[in-house]
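Results of the structural survey
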Amino acid sequence: MRAMPRQVVFRRIVLVLTVLAGGAALVLAQAAGSSLDQLEVTAAWARPAPAGDNSAVYLTITNHGAADVVLVGAETDAAHMAEIHETVMEVAVVDGRLVQNMQMQHVDRLVIPAGGSVNLRPGGLHLMLIGLTRDLEVGQSITVRLVAADGSVLELAVPVSQGAAGEGHSNEAQVHAGH
Ligand SMILES: [Cu+2]
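Residues numbered from 1 in each chain as written. Predicted model: local features only at pLDDT ≥ 70, side-chain atom pairs only at ≥ 80, totals over all residues.

1. A word on the overall build of the protein
- Across its full length, the protein carries one helix and 10 strands.
- Sequence-ordered secondary structure for the protein, helices as α and strands as β, is α-β-β-β-β-β-β-β-β-β-β.
- Considering the protein as a whole, with its 179 residues, one finds that 28% of them fall into the buried category.
- Pairs at least 24 residues apart make up 72% of the contacts formed inside the protein by residues separated by at least 6 positions. (Helix = DSSP H or I, 4+ residues; strand = E, 2+ residues; numbered from the N terminus. Buried ≥ 20, exposed ≤ 12 C-beta atoms within 10 Å, placed from the backbone. Contact = placed C-beta atoms within 7 Å.)

2. Let's talk about the environment of Ile61
- If you trace the backbone, Ile61 turns up in strand β2 (residues 55-63).
- Between the alpha carbons of Ile61 and Glu40 there is a distance of 5.7 Å; along the sequence they are 21 residues apart.
- Setting aside chain neighbours within four positions, we find Ile61 in contact with Leu39, Val41, Ile112, Ser117 and Val118.

3. Some remarks on the nonpolar core
- One finds Ala56, Val57, Leu71, Leu127, Leu129, Leu136 and Ile142 to be the most contacted residues of the largest nonpolar core, which totals 35 residues.
- Listing elements by their share of this core, those giving two or more residues are β1 (39-46), β2, β3 (69-76), β4 (79-94), β6 (110-112), β8 (125-132) and β9 (141-148).
- Considering every element that reaches this core, the biggest residue donor is β2, with five residues.
- Once you skip the residues sitting within four places of it in the chain, Leu71 turns out to touch Ile84, Leu110, Ile112, Leu146, Val147 and Ala148. (Core = buried A, V, L, I, M, F, W, Y, C linked by C-beta atoms within 7 Å.)

4. Overview of the sheet that holds β3
- Overall, antiparallel pairing links the four strands, which are arranged β6-β3-β9-β10 in an open sheet. The sheet is open, and its two borders are formed by β6 and β10 (153-159), each paired with just one other strand. Adjacent strand axes in the sheet meet at a mean angle of 40 degrees, parallel and antiparallel pairs treated alike.
- Pairing of β3 with β6 involves three bridges; the strand directions are antiparallel. Bridge pairing in β6 places Val69 opposite Ile112. (Pairing = 2+ DSSP bridges. Axes fitted to C-alpha atoms, helices over the stretch in contact; angles between N-to-C directions.)

5. Remarks on the pairing of β8
- Two elements, β2 and β8, share three bridges in a ladder whose sense is antiparallel. Its bridge partner being in β8, Val57 is matched across the sheet by Leu127.
- Bridging between β4 and β8 involves seven bridges; their strand directions are antiparallel. The partner of Ala79 across the bridge, within β8, is Leu132.

And the structure:
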């Protein structure tokens, strides 16, 4: 496990840079007076799962505005808790063999850059639904609210589905490490 520290340090540096950039963006967003009106959400879907399990929501967020938008969390009535997560593949050498391990990290601040878009998809960024309060079945819809750093909220109706073809390989709902 001695091979890991370099990777960990690198990730910390990236995190610090992200936080600094997010702080600057927050000032801009407040100066502009608005935030979530300028976002467009497309291709949203929630993974089906039984009550008590975890699920995940995937979507694409496009920022049509002139200022970055910083998302700090999510809420839903369908689960006890919702968090922004990122799935990362950790690679380590154990007994001379390369071992891959899928881990999820909590994302405190997700920056949607002005004029850009961020893709939440299996194997990457996602909204984690922790402790479903009811069964999520294909054909249903759940309410999900994105929460911005300035406290504004964007409410979405997200269909429960299996996702687009070829999209469902990495199942965040079944990764328990990192929680
Ligand atoms: Cu997750």
